[in-house]
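# Structural overview for review
In case you want the letters, here they are:
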Amino acid sequence: MEKRKLSFWQIWNMSFGFLGIQFGFALQGGFMSRIFQTLGADVDSIPGLWVAAPLTGLLVQPIIGYLSDNTWSTKFGRRKPFFLIGAVLASVTLFFMPHSPVLWIAAGLLWVLDSSINISMEPFRALVADKLPESQRSNGFVIQTLIIGIGTWIASNLPWLVTKLGVTNEAAPGVIPPSVVVAFSIGAFVFISSILFTIFTTKEEPPVDLEKFKTEKKESRFIPDLMVSLKEMPSTMKKLGLIQFFSWFAFFTMWSLSTPALTEHVYHSPSPNVKEFNMADANQKATYDAANLKYQDAANLVGSASGVYGLSSMAFALLLTFYTMKNKINRKYIHMASLILGGLGFIYMFYATPSTLIYCFILIGFSWGSILSMPYAMLSSSVNPNKMGMMMGLFNMFIVIPQIIAALGGINFLYKLIGEAHINAMLLAGISLIIAGLCNFFITDKNAISG
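Everything in this summary refers to the structure shown in the same document. Note that the structure is predicted; figures quoted are calculated from it, not measured.

Before going further, it helps to spend a moment on the packing of aromatic side chains. Inspection of the entire model under this criterion finds 18 aromatic pairs. The interplanar angle of 35° and the centroid separation of 4.9 Å between the aromatic rings of F251 and W368 together place this pair among those described as tilted. Residue F251 is located in helix α11 (residues 235-265), and its partner W368 is located in helix α15 (residues 357-371); the two are separated by 117 residues in the primary sequence. When sorted by exposure, F251 lands in the same class as W368, which is buried. In textbook terms, an aromatic cluster arises when at least three aromatic residues are bridged by ring pairs, as seen for W248, F251, W255, Y309, F346 and W368.

What follows is about the pattern of salt bridges. Pairs may arise between side chains of opposite charge once their charged atoms sit close together. For the structure shown, the criterion picks out 2 salt bridges. Note that K285 and D289 form a salt bridge whose closest N and O atoms lie 2.9 Å from each other. Note that K285 and D289 are positioned in helix α12 (residues 282-306) at a spacing of 4 residues, about one turn of the helix. Residue classification places K285 among the partly exposed residues on the basis of a relative accessible area of 35%. Residue classification places D289 among the partly exposed residues on the basis of a relative accessible area of 27%.

This part takes up the nonpolar core. I35, F36, F251, M349, L357, F361 and W368 are the most contacted members of the largest nonpolar core, which totals 120 residues. Of the residues forming this core, the biggest block, 13 residues, is contributed by α11. Discounting chain neighbours no more than four positions away, the residues touching I35 are M97, A106, I176, V180 and F184.

With that out of the way, let us pick up helix α13 (residues 308-324). Between its terminal C-alpha atoms α13 stretches 24 Å, which fits the 24 Å expected from 17 residues at 1.5 Å a residue. Considered for burial, the residues of α13 that qualify are V308, Y309, G310, S312, S313, M314, F316, A317, L320, T321 and T324.

The residue H268 is not glycine, and still its phi comes out positive at about 55°. Within the element layout of this structure, H268 appears in the loop between α11 and α12.

Before going further, it helps to examine a nonpolar patch on the surface. A cluster of nonpolar residues, L84, V88, V92, F95, F96, L196 and F200, forms a patch on the protein surface that exposes about 640 Å² of accessible area. Contributing elements (two or more residues each) for the nonpolar patch: α5 (80-96) and α8 (178-201). It is α5 that contributes the most residues to the nonpolar patch, 5 residues altogether. You can call V92 partly exposed: its relative accessible area is 46%.

All right, on to the packing of α11 against helix α18 (residues 397-418) then. Taken N-terminus to C-terminus, the directions of α11 and α18 make an angle of 50°; their axes are 8 Å apart at the nearest point. When the interaxial angle is binned, α11 and α18 end up oblique. Crossing angle aside, the handedness with which α11 passes α18 is right-handed. Together, M237, G241, Q244, F245, W248, F249, F252, T253, W255, S256 and L257 of α11 and F398, I399, I401, P402, Q403, I405, A406, A407, G410, I411, L414 and Y415 of α18 make up the contact between the two elements. Of the residues in the contact of α11 with α18, the class split is 17 nonpolar, 6 polar and no charged.

Conventions adopted
Residues numbered from 1 in each chain as written. Predicted model: local features only at pLDDT ≥ 70, side-chain atom pairs only at ≥ 80, totals over all residues. Heavy atoms only, no water. Phe/Tyr/Trp six-rings, centres within 6.5 Å; stacked < 30°, edge-to-face > 60°. Helix = DSSP H or I, 4+ residues; strand = E, 2+ residues; numbered from the N terminus. Buried < 20%, exposed > 50% of the residue type's maximum accessible area, 1.4 Å probe, protein only. Salt bridge = Lys/Arg side-chain N within 4 Å of Asp/Glu carboxyl O. Core = buried A, V, L, I, M, F, W, Y, C linked by side-chain atoms within 4.5 Å. Contact = heavy atoms within 4.5 Å. Expected span 1.5 Å × (residues − 1). Patch = residues over 30% accessible without salt bridge, like charges linked within 9 Å, V, L, I, M, F, W, Y side chains within 5 Å. Areas by Shrake-Rupley, 256 points an atom, 1.4 Å probe, with all protein chains shown as cover. Axes fitted to C-alpha atoms, helices over the stretch in contact; angles between N-to-C directions. Parallel < 35°, antiparallel > 145°, perpendicular 65-115°, else oblique. Left-handed = near helix turned anticlockwise from the far one by under 90°. Nonpolar A, V, L, I, M, F, W, Y, C, P; charged D, E, K, R; others polar.

Given below as structure tokens:
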């Protein structure tokens, strides 16, 4: 039975929770490495501190997808219970994260935060496929991307903005500046508020055959169903997985190393190592404090510049939203072009100045907007709708596996083949994203390409 078409505002309401989810991701991606450096981590150890997040995603996403596929409540719906559980956990973690007194606590809270965000996020992807007919799938995922772009831009600018409003960006050695603390607190509030908005404004429809659904639920078992789903994975999903691998390797490299790389290479303000200063000596302490303030200010500027990729992804999504409301698109070539443009943006960082860095992130935003919409639109046209949650969860293996490889030494090994300077990690990200773009040539399924 063909699903009824929804209005723009109905799709907007069901996707609005992604504003909070992206607040969480943007604060995590833009400022966790800054928190790690402030707490004493050296640059080469930072990717390893991120490893718990993708490892958890590898386990959490298929399980949450499976559970949401097999959930139905007349009161709470199918996907919405998972939105709420994830939102509560993520909001609490966001609030406490910048209060971390030592490095291992911050790394542990990152593990909890990423798990919680994933609990909320994957059912949101499945909800689009649940509620929208095939003709509106591209439009639905693009509207999600529009909201994600808004969240990325605002959240990435929060520390800079609250500093401008008078919150200090200075702190004692090993202490997170108040500007970051306030930004994460705002993020916690926005996360839970936006999820609640979607919960209260969106109605989920029961399964078409409720009795059959209940029977299948009783007979379902996670491990056997997982094995069957892996076996039934369509070839288009595997090809998209290759594209996702190189795409997310690139973005994980950006999230983990862009702050140290750009504060050092573009702003010439690397994080000072407190161990190299005698803090009992007034002159050395003053030198450290000046260098640390310079680094924290540069980190604010990097965060603000990186937020521009949220704006350009939003512009990308807005254009596609209006176009896909009445027209079909070639998802394959749009995705290819967007990824290649993002790769060029990363490469240009090597030559960027503080005034031109923004253009790098504008190009990266095109690829980010496409990564968040086109693969999911292509995937949703290729898999069994009754297993959409499970398949979305399995699809995210192609997101977390490259991040795990990157965190366990892949980034450090590969970028040092180019050169020792940390900015070379951004060149690595650019090369990876261009490879991802070219891998789109492997997509040949007409149903996946056109939509």
